[in-house]
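What the coordinates show
Here is how the chains run, residue by residue.
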Amino acid sequence: MSTENLPQSPEQPARKPRVAVVFGGRSSEHGISVVTAGAVLKAIDRTKYDVLPIGITADGRWALTADEPERMAITDRRTPRVEELAESHEGGVVLPVDPANREVVYSEPGSVPKALGEVDVVFPVLHGPYGEDGTLQGLLELSGVPYVGSGVLASAVGQDKEYMKRVFTSFGLKVGPYVVIRPREWAQDESAARKKIVDFAGEHGWPLFVKPARAGSSIGITKVDDLSGLDEAIAEAQSHDPKILIEAAVRGREIECGVLEFEDGPRASVPAEIPPPDAHAYYDFEAKYIDSTPGVVPAPLTEEQTAEVRRLAVEAFEAASCEGLVRADFFLAEDGEFVINEINTMPGFTPISMYPQMWQATGISYPELVDRLVQAALRRSTGLR
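Residues numbered from 1 in each chain as written. Predicted model: local features only at pLDDT ≥ 70, side-chain atom pairs only at ≥ 80, totals over all residues. Heavy atoms only, no water.

A short note on the overall build of the chain
Quick reminder of the rule: Think of it this way: any DSSP run of H or I at least four residues long counts as a helix, any run of E at least two long counts as a strand, and we number them from the N terminus. The globule rule used here is 2.2 Å times the number of residues to the 0.38 power, and the radius of gyration it is set against is calculated over C-alpha atoms. Contacts between residues were defined by any pair of non-hydrogen atoms, one from each residue, lying within 4.5 Å. All accessible areas in this document rest on Shrake-Rupley with a 1.4 Å probe, and a residue is counted as covered only by the protein chains that are shown. A residue counts as positive if it is Lys or Arg and as negative if it is Asp or Glu; His and the chain ends are not included. Working definition for charges: the position is that of NZ of Lys, CZ of Arg, CG of Asp or CD of Glu.
Assigned secondary structure in the chain consists of eleven helices and 16 strands. Taking 21 Å as the expected radius of gyration for a compact globule of 385 residues, we find that the chain reaches 22 Å, a close match to that expectation. Principal-axis analysis of the C-alpha atoms places the extent of the chain at approximately 90 × 55 × 40 Å. Contacts spanning at least 24 positions in sequence make up 66% of the contacts within the chain whose residues lie at least 6 apart. When the accessible surface of the chain is summed, it comes to about 17400 Å², and 51% of that surface belongs to carbon and sulfur atoms. In the chain, 38 positive and 59 negative side-chain charges are present, and the distance between their average locations comes to 2 Å.

A closer look at the nonpolar core
To be explicit about the condition: For this analysis, a nonpolar core means a set of buried residues of the types Ala, Val, Leu, Ile, Met, Phe, Trp, Tyr and Cys, connected via side-chain atoms within 4.5 Å. Burial classes: relative accessible area under 20% of the type maximum marks a residue as buried, over 50% as exposed, and values in between as partly exposed (1.4 Å probe, protein chains only).
The biggest cluster of nonpolar side chains holds 35 residues, and the ones touching the most others in it are V21, F23, F123 and F349. Where this core is concerned, the elements lending two or more residues are β1 (18-24), α1 (30-43), β7 (121-124), β12 (252-262), α10 (354-362) and α11 (366-379). Those residues in contact with F349 that sit more than four places away from it in its chain are T36, A39, V40, L325, Y355, P356, Y366, L369, V370 and L373. With 28 residues, the next largest nonpolar core counts I255, C257, V326 and L332 among its residues.

Side note on the sheet that holds strand β9 (residues 208-212)
Hydrogen bonding along the main chain pairs the strands of a sheet, whether they run parallel or antiparallel. Threshold: DSSP bridges decide pairing: two strands pair if at least two such bridges lie between them. Here an angle of 0 to 180 degrees is reported between the N-to-C directions of two axes, which are lines fitted to C-alpha atoms, with helices fitted over the stretch in contact.
Spatial strand order, β8-β11-β9-β10: four strands in an open sheet with antiparallel pairing. Strand pairing shows two members of the sheet lacking a second neighbour, β8 (178-181) and β10 (222-224), which therefore form its edges. Here the average twist between neighbouring strands, direction ignored, is 25 degrees. Where β8 and strand β11 (residues 244-248) come together, four bridges link them in antiparallel fashion. Opposite V179, over in β11, you have I246 as the bridge partner. In this fold helix α6 (residues 190-204) packs onto β8, β9 and β11, with an angle of close to 175 degrees to the strand it touches most, β8. Set on the sheet, helix α7 (residues 230-238) makes contact with β9, β10 and β11; between it and β9 the angle comes to about 25 degrees.

A short note on the pattern of salt bridges
Quick note on the threshold: We define a salt bridge as a contact between a side-chain nitrogen of Lys or Arg and a carboxyl oxygen of Asp or Glu at a distance within 4 Å.
Applying the stated rule across the entire model yields 32 salt bridges. With its nearest N and O atoms 2.7 Å apart, the salt bridge here joins E162 to K243. You can see E162 sitting in helix α4 (residues 161-170) and its partner K243 sitting in the loop between α7 and β11, a full 81 residues away along the chain. Here R385 ties to E323 by a salt bridge, and the two come within 2.8 Å at their closest N and O atoms. With R385 in the segment after α11 and E323 in the loop between α9 (303-319) and β15 (325-333), this pair connects stretches of sequence that are 62 residues apart. By relative accessible area, E323 is classed as buried at 15%. Here the residues in one salt-bridge network are E141, E261, E323, R380 and R385, joined through shared partners.

Some thoughts on the sheet that holds strand β6 (residues 114-118)
Ordered by their spatial adjacency, three strands build an open sheet running β4-β5-β6, and the pairing between neighbours is antiparallel. A single partner strand is all that each edge strand has here, and the edge strands are β4 (92-94) and β6. Each strand axis lies, on average, 25 degrees off the axis of its neighbour in the sheet, ignoring direction. When strand β5 (residues 103-107) meets β6, the two strands line up antiparallel, connected through four bridges. Paired with V105 across the bridge in β6 is A115.

A word on the packing of α1 against α11
For clarity, the threshold we go by: Here is the rule for angles: anything less than 35 degrees is roughly parallel, anything more than 145 is roughly antiparallel, 65 through 115 is roughly perpendicular, and the remaining ranges are oblique. Charged residues are taken to be Asp, Glu, Lys and Arg, nonpolar residues to be Ala, Val, Leu, Ile, Met, Phe, Trp, Tyr, Cys and Pro, and polar residues to be all remaining types, Gly included.
Where α1 meets α11, the closest approach of the two axes is 9 Å, and the angle between their N-to-C directions is 95 degrees. Between α1 and α11, the interaxial angle falls into the category roughly perpendicular. Listed contacts from α11 to T36, A39, V40 and A43 of α1 are Y366, P367 and V370. Partitioned by chemical class, the residues of the contact of α1 with α11 number six nonpolar, one polar and no charged.

Now the structure itself:
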């Protein structure tokens, strides 16, 4: 029978890819993650993508939040919280764990669960443990949902400063002197663990930087000028992470470089220099986010130095098997060599953060940067790759 005279059903318009921006989290970097999410929500192209903001509270509840980026800014030197943005203090968002089903569900006690629609890609702007460290990435792999940024291994390596440095050393990248104190060492013999640090200072000199091994945004870090400040610095670092890292000071200039995944592989931005902040002992959390100490973009380096740090940044990206984006932090030591300090697999992404500033100077605007990251995630499958 001919069908040419039968009424034809109208074609359904193509659905826009749905991006879930996930932010907040259980780490001490919760507030900065919320600020980052506000910037991403403001910049993402709403004509191209549907957007679903999902906040994770400090106690780990996944909350449906208002899509109001103007409320996600630092005000009166205070960072915002997911709890202030949540549409309910009891309801929760649940991601599927079935790769054949990408539908997100929202439920409240005593109410029928409500389907929020399918999610095509997750943009996780969480910083620190329980989000940037491979834990969320593992959940998304199980769910079969593509996501922005590095996978499980690279995220875990990028979060743990000890193993990051071990990976870099194995690939021939130069790192500064450091020593690690694990929680078992400290629990079994505090005196021996403290002596290990004092002996390290005797070999490499003061000052030392005492850090949580698995934290970011310079939270929990103390610059220690002599033995009198050591115990307080250890306690501060351990309040964020029972495993701590002690680094010798590297005399030189602080240089940062952004790496972004393009269709043909990773490329590096022009580098930036972080000058010593006037009102701070070093480039700490307050200097970065509260007082917004400006970096110098592009960094005043020679052509050879610029080419070298860009090469090393891509090398670090590849060494840790990163994907999507990375900010690589270096010291240009007094002997003229670049020493890699660390990488950040989900760097600060506020408009004043160095990563977007470096790409802006390289010719990629903030909205385009967000779009490129989402597109890279959509091109990439989950699973082994």
